[in-house]
Every structure is written in C-alpha cells, then in structure tokens.
Amino acid sequence: MTATTAPHSPVNRGVAPVTYGTGDRTPRGDYARARADYTCEQDWAAYAAADHDTYRRLYARQLQQLPGLACDEFIAAVRQLGAPEHIPRFDDVSERLLRATGWQIVCVPGLIPEEAFFALLAARKFPVTDWIRRPEEFDYVVEPDVFHDLFGHVPLLFNRSFADYMQAYGAGGLKASRLDACELLARLYWYTVEFGLIATPQGLRAYGAGILSSAGELRYSITSAEPRRVAFDLQRLMRSRYRIDTYQATYVVIDSFQQLFEATAPDFRPVYARVRETIAAAGEIDAGIVLPGERQFRT
Ligand SMILES: [Fe+2]
C-alpha cells in the first residue's frame, strides 16, 4: 500500500472541476448574464446549427454504447431528454423531471461556486451548463458542457432513490462548507455521481455521469482489466484521491441506489472526524491502490 499524507499530489490537485474556482483556469461561459444564484436563461435561439449537430453526434455515439455498459435506470430514462437531433430546451426536460421526481433543471453559464451548487441541489434543482463544446473538442472537453451535464447527469434524476441522494448530497454540502470538509465530500461526488459503478445480476454497469458522457471511458470502466473496482465504503472513499487527468484508476461499486442513499443519510460530522483521524494515522489512499483484504470486483 502506498497511501501517503501528501496533501497536494499531482494526482488530485484541489477538488474535482465540478464547481467554479476548483480548477486551474477561469471557467468558460458568460457569467455577466447570471443571477445572484448563478442561474440564467437558456438562450435556445442562440445555438447555431453546428451546435445542434455536435449534440446530435455526441448523443448518437453514446446511445449505441449504452446496452451492457450503462445501468438499466439510465437507459430507461435517457429518452426523457427528448429528441436527440438537437440540444433540448431545458424547460421541456424540466417539466418532465418535475412530474417524475420533483427535480428541475436550471440553466447556468458554466461551473458555479460550491455553495451555490450545493444550494441548488438541496432545492432539487440541477444546474446544467448551456454552452456546447467546439467541434475540435468532440472527443474531450476539459470543463463540463451541456452534453456532459444533460446526457450524463439528468437521466438518473428520473430515478427516485438517486434523486433523493442528490438532494441529500446538496444539503450535506452546505453543512460541509461550514465544517471545512468540502474536499472530503467532493470525493463522494467524484466516486459516485461522476464515476460510480453499480453491481447488477447481469454484471457491473455504469451510473456515473463522467463515464456515461465519455466516449472511451464507458467501455473501459466496465470491461478493462486495468482499473481496480472496490466496494462502496464511505470512509475508505473519503480517504481516496482520484485522477482528473486520465481514466480512473479505481472505481467504487455500489449495490443499489438505495444503499447509496442510506449510507449517506446520517450526519457526516462524526464521519469527517473519523476520516481525518484515519488519514492522520494511515494516510490517504492513492488512486489505483487496493487495501489489504479489500474485496475487488472483476470484469
Ligand atoms: Fe458532472
């Protein structure tokens, strides 16, 4: 085991580029039009034909890969995004989502600050970036765009247990901000919402948005012999660094969305204290490391 206490390994610089200010660059997007809560109107008429075409091609590429790799809940709900030929109107998706689980999607100019992000999730509102990657970024875009946010994240918000988990995560985030524990909590988001796998009777399936919106990582996460796949354990996960520059070296596997919701329902204050004690005593866990005796999932 090569766990280390080094706080700023290049493997995990800062927190995930999930929210504004956590990456190295100034976020892309026009923030001048955002309201105080960072939401704005989706200017659907402003999309060019090329933007819709990029969305259509990204959607088609991911859709044909889903069977056998994405979880059933995702596949069942992906059509709720509407016609795959053009970037959806957020209001239309939101209306369907509100009826299904009481969630809405709101438009944002790009990454938003942590507190604003948590506050929206706690209110069952998922922020979706409105701009789409340029054609030359077709295979990889550094910051989340409308395709990642919408295609990757929104279908599972149609699932009641997952939707409840996301709201609880937002509420937990607001508390974590006051407890200086956002980095620990961000690891939970990373290893579940962005890169989570779920064990099903048919085998492992992806439910994380970072995987589901990636052309290459969807197959890699399920079929490659290279990465480690370990069972969900909240404290272990909060000690675990992650990689933001390559495919993941470790994936965390849940049994069900209900398990995820229940495991993260209790107050995290004592959890943070125990994780900090363990990190002080035994170090953090590098991506790709499996602990002695730890159960691994095979492909
Ligand atoms: Fe994301």
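Reading the values: rules and limits
Residues numbered from 1 in each chain as written. Predicted model: local features only at pLDDT ≥ 70, side-chain atom pairs only at ≥ 80, totals over all residues. Pairing = 2+ DSSP bridges. Helix = DSSP H or I, 4+ residues; strand = E, 2+ residues; numbered from the N terminus. Buried ≥ 20, exposed ≤ 12 C-beta atoms within 10 Å, placed from the backbone. Axes fitted to C-alpha atoms, helices over the stretch in contact; angles between N-to-C directions. Expected span 1.5 Å × (residues − 1). Contact = placed C-beta atoms within 7 Å. Parallel < 35°, antiparallel > 145°, perpendicular 65-115°, else oblique. Left-handed = near helix turned anticlockwise from the far one by under 90°. Nonpolar A, V, L, I, M, F, W, Y, C, P; charged D, E, K, R; others polar.

J.: I tried to follow the pairing of strand S4 (residues 203-206) on my own but got confused; where do I start?
T.: Taken residue by residue, a regular strand's side chains alternate between the two faces of the sheet. Of the pairings in the sheet, the one linking strand S3 (residues 197-200) to S4 comprises four bridges and is antiparallel in character. Each residue of the ladder has a partner; that of Leu-197, found in S4, is Ala-206. Where S3 hands over to S4, the hairpin turn is made up of two residues, counted between the paired strands.

J.: Would you mind going over the environment of Ala-60 with me for this structure?
T.: Note on placement: Ala-60 falls in helix H1 (residues 49-63). Among the residues examined, Ala-60 registers 11 C-beta atoms within 10 Å and is labelled exposed. In this structure the C-alpha to C-alpha distance between Ala-60 and Asp-233, which are 173 residues apart in sequence, comes to 35 Å.

J.: Any chance you could explain the sheet that holds strand S6 (residues 250-254) here in plain terms?
T.: Pairing between sheet strands relies on hydrogen bonds along the backbone, with the strands arranged either parallel or antiparallel. In spatial order, the strands read S4-S3-S6-S5; together these four strands make up an open sheet with mixed pairing. The sheet is open, and its two borders are formed by S4 and strand S5 (228-231), each paired with just one other strand. Pairs of neighbouring strands in the sheet enclose a mean axial angle of 40°, with direction left out of account.

J.: Which parts of the structure should I look at to understand helix H6 (residues 160-178)?
T.: An α-helix turns once per 3.6 residues; consequently, residues spaced three or four apart project the same way. Over its 19 residues, H6 runs 28 Å from end to end, which matches the ideal 27 Å to within 8%, given 1.5 Å per residue. Turning to H6, the residues buried within the fold contact helix H3 (90-101), helix H4 (114-122), helix H7 (182-194) and helix H11 (257-263). Asp-180 occupies a position one or two residues after H6 and carries a positive phi of about 55°.

J.: Help me understand the packing of H6 against H7 in this model?
T.: In helix packing, the relevant descriptors are the interaxial angle and the interaxial distance, both defined with respect to the helix axes. Orientation of H6 relative to H7, taken along the N-to-C sense of each, is 160°, at an axis distance of 9 Å. The angle between the axes of H6 and H7 places the two elements in the roughly antiparallel class. By crossing handedness, the relation of H6 to H7 is classed as left-handed. Counting all contacts with H6, which are made through Tyr-169, Gly-172, Gly-173, Ala-176 and Ser-177, the residues of H7 involved are Cys-182, Leu-185 and Tyr-189. Within the contact of H6 with H7, the residues separate by chemical class into five nonpolar, three polar and no charged.

J.: Would you explain the environment of Leu-58 in this entry?
T.: Inspection of the secondary structure puts Leu-58 in helix H1. Of the residues examined, Leu-58 has 23 C-beta atoms within 10 Å and is grouped as buried. Taking the C-alpha atoms as reference points, Leu-58 and Cys-182, 124 residues apart in sequence, are found 32 Å from one another.

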